[in-house]
Amino acid sequence: MALEYAILVSLQERSGSGYELARRFDRSIGYFWGATHQQIYRTLKRMVELGWVDCDEVPQDKRPDKKVYRVSATGAAELARWLAEPATPPTVRNELSVKIRGASYGDVEQVAAEIARHRTLHAQRLAVYRQIEQRDFPDPKRLSGQRLHQHLVLRGGIRTEQAYVDWCDEVLAALADDR
């Protein structure tokens, strides 16, 4: 998937400046499709050139004009076209898995320490996702439309992070038994 489609989805949810869009990526959609602020700004420029987004300049006092982006009709059609395409199955490129597989060729204790570090990171992200769920989706059974779709993505993140925590626990226990 190209970054353009993540930006189109975000701008369909709410128009905004490049800065506002980058902040949204930092707080929500970026958990599932990461991009640097520079990548977002470069991609927005390209999307304007493609006609997928329109840009309005809003004057500001004592500051440069603010560019506010919104999805154009052409961009909405492109997003609809892309949404209808089959999604490519995710590929797994997990450095930690390769380290575990090669642990016997190095220091197993160092690999175990790295697994413990990853477990902590996944547990922290899981806690963040659960906080977001409690804050933004207190009554999931009543959701529909856009809010339901956002919650379903968050639930996928929660399940993924829980699976990583469980897997790290399993690997750490197995390595401890192997010593």
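Cut-offs applied
- Residues numbered from 1 in each chain as written.
- Predicted model: local features only at pLDDT ≥ 70, side-chain atom pairs only at ≥ 80, totals over all residues.
- Heavy atoms only, no water.
- UniProt positions renumbered as here; feature names shortened; annotations may be inferred.
- Helix = DSSP H or I, 4+ residues; strand = E, 2+ residues; numbered from the N terminus.
- Core = buried A, V, L, I, M, F, W, Y, C linked by side-chain atoms within 4.5 Å.
- Buried < 20%, exposed > 50% of the residue type's maximum accessible area, 1.4 Å probe, protein only.
- Contact = heavy atoms within 4.5 Å.
- Pairing = 2+ DSSP bridges.
- Axes fitted to C-alpha atoms, helices over the stretch in contact; angles between N-to-C directions.
- Phe/Tyr/Trp six-rings, centres within 6.5 Å; stacked < 30°, edge-to-face > 60°.

1. A few points about the UniProt feature "domain: Transcription regulator PadR N-terminal" (unreviewed entry) in the chain
Part 1 of the argument: The sites that UniProt annotates as "domain: Transcription regulator PadR N-terminal" (unreviewed entry) are residues 7-80.
Part 2 of the argument: Helix and strand shares over residues 7-80 are 53% and 19% respectively, and the end C-alpha atoms of the span are 13 Å apart.

2. A few points about the nonpolar core
Burial of nonpolar side chains together is a common tendency in soluble globular proteins.
Part 1 of the argument: Counting residues in hydrophobic clusters, the biggest one holds 18 residues, and the most contacted among them are I7, L8, L11, L21, F25, I40 and L44.
Part 2 of the argument: Ranked by the residues each element gives to this core, the list is headed by helix α1 (residues 3-13), at six residues.
Part 3 of the argument: Excluding its chain neighbours within four sequence positions, the residues that come into contact with L44 are I7, L11, G18, L21, V53 and Y69.
Part 4 of the argument: In terms of nonpolar packing, the next biggest core, distinct from the first, is built from eight residues, L96, C168, V171 and L175 among them.

3. Quick notes on the sheet that holds strand β1 (residues 16-17)
Part 1 of the argument: Ordered in space as β1-β3-β2, the three strands form an open sheet in which the pairing is antiparallel. Each edge of the open sheet is held by one strand with a lone partner, namely β1 and β2 (53-58).
Part 2 of the argument: The pairing of β2 with strand β3 (residues 66-71) spans six bridges and is antiparallel. Bridge pairing in β3 places D56 opposite V68.
Part 3 of the argument: This element, helix α3 (residues 37-50), spans β2 and β3 of the sheet and lies at about 110° to β2.

4. Brief notes about the packing of aromatic side chains
Part 1 of the argument: Enumeration according to the criterion identifies three aromatic pairs in this entry.
Part 2 of the argument: Residues Y5 and W82 carry aromatic rings whose centres are separated by 4.7 Å and whose planes lie at 10° to one another, so their mutual orientation is stacked. In this pair, Y5 is assigned in helix α1 and W82 in helix α4 (residues 73-84), connecting sequence segments 77 residues apart.
Part 3 of the argument: Between Y164 and W167, the aromatic rings sit 6.3 Å apart at their centres with planes inclined by 65°, giving edge-to-face as the arrangement. Placement of the pair is Y164 and W167 together in helix α7 (residues 145-178), with a separation of three residues, close to one helical turn.
Part 4 of the argument: One aromatic cluster is present, formed by Y5, W52 and W82 through successive ring pairs.

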